[in-house]
Amino acid sequence: MQHRRSSACLKHTQPSNMTAPGIVRRLAALSGASAVAAGAYGAHGFKNSDPDDYQRVLFETANKYHFYHSLALLGAAQCGQPAVAGTLLIAGMGMFCGALYHQALTGNPDLRKAAPVGGMALIAGWLAIFL
């Protein structure tokens, strides 16, 4: 006796999470998870340093903004233009938080000029959520 599969089982459908809101939601989850990991690293990696150390302050600032904007990505997934808002927030986090994380971890300020551009992208991302 041969077992037959129904044609419904053979159809491949695209997952519903591949829409702009689904993608932005997934990016928010990854960003939040990496913010937690970075925060844990910062808490342990700098524990023997002076609390007023500039690199530690940079790291804490980057981590704080990383968290805030990971949460903003969740809201962006539900706004009228999720792809626009999500792109701006992710680019802003990469430039702003990335430049601060880089300087905090390496002591190298070469990427510091990306931080204000990233800050403007974060502001634009919040405004795009408003739209």
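If you're wondering where the values come from, they're calculated on a predicted model, not measured in any experiment. Per chain, residues are indexed from 1 in the order of the written sequence. A pLDDT threshold of at least 70 governs which residues receive local features in this predicted model, and a stricter bar of 80 or more applies before side-chain atom pairs are shown or counted, although totals over entire chains, interfaces and linings include all residues. Hydrogen atoms and water are omitted, and side-chain values are computed over all heavy atoms in the structure.

**Here we look at the overall build of the protein**
- In this text, helices come from DSSP runs of H or I with a minimum length of four residues, and strands from runs of E with a minimum of two, each type numbered from the N-terminal end. Scanning the protein for helices and strands turns up five helices and zero strands.
- Reading the helices (α) and strands (β) of the protein from amino to carboxyl end gives α-α-α-α-α.
- Partly exposed describes any residue whose relative accessible area lies between the buried limit of under 20% and the exposed limit of over 50%, with all areas from a 1.4 Å probe on protein chains only and scaled to the type maximum. Going through the 131 residues of the protein one by one, you find that 32% of them count as buried.
- Across the protein, the fraction of contacts at a sequence separation of at least 24, relative to all contacts at a separation of at least 6, is 66%.
- Accessible surface for the protein amounts to roughly 8500 Å². Of this, 63% is attributable to carbon and sulfur atoms. Only heavy atoms matter for contacts: two residues are in contact if any of them lie within 4.5 Å across the pair. A 1.4 Å probe and the Shrake-Rupley method give the accessible areas. Residues count as covered only by the protein chains that appear here.

**What about the pattern of salt bridges?**
- For this analysis, a salt bridge means a side-chain nitrogen from Lys or Arg found within 4 Å of a carboxyl oxygen belonging to Asp or Glu. The full count for this structure, using the stated rule, is one salt bridge.
- Between R56 and E60 there is a salt bridge, with its nearest N and O atoms 3.0 Å apart. Remark: E60 and R56 occur in helix α3 (residues 54-76); sequence separation between them is four residues, near one turn of the helix.
- Of the residues examined, E60 reaches a relative accessible area of 41% and is grouped as partly exposed.

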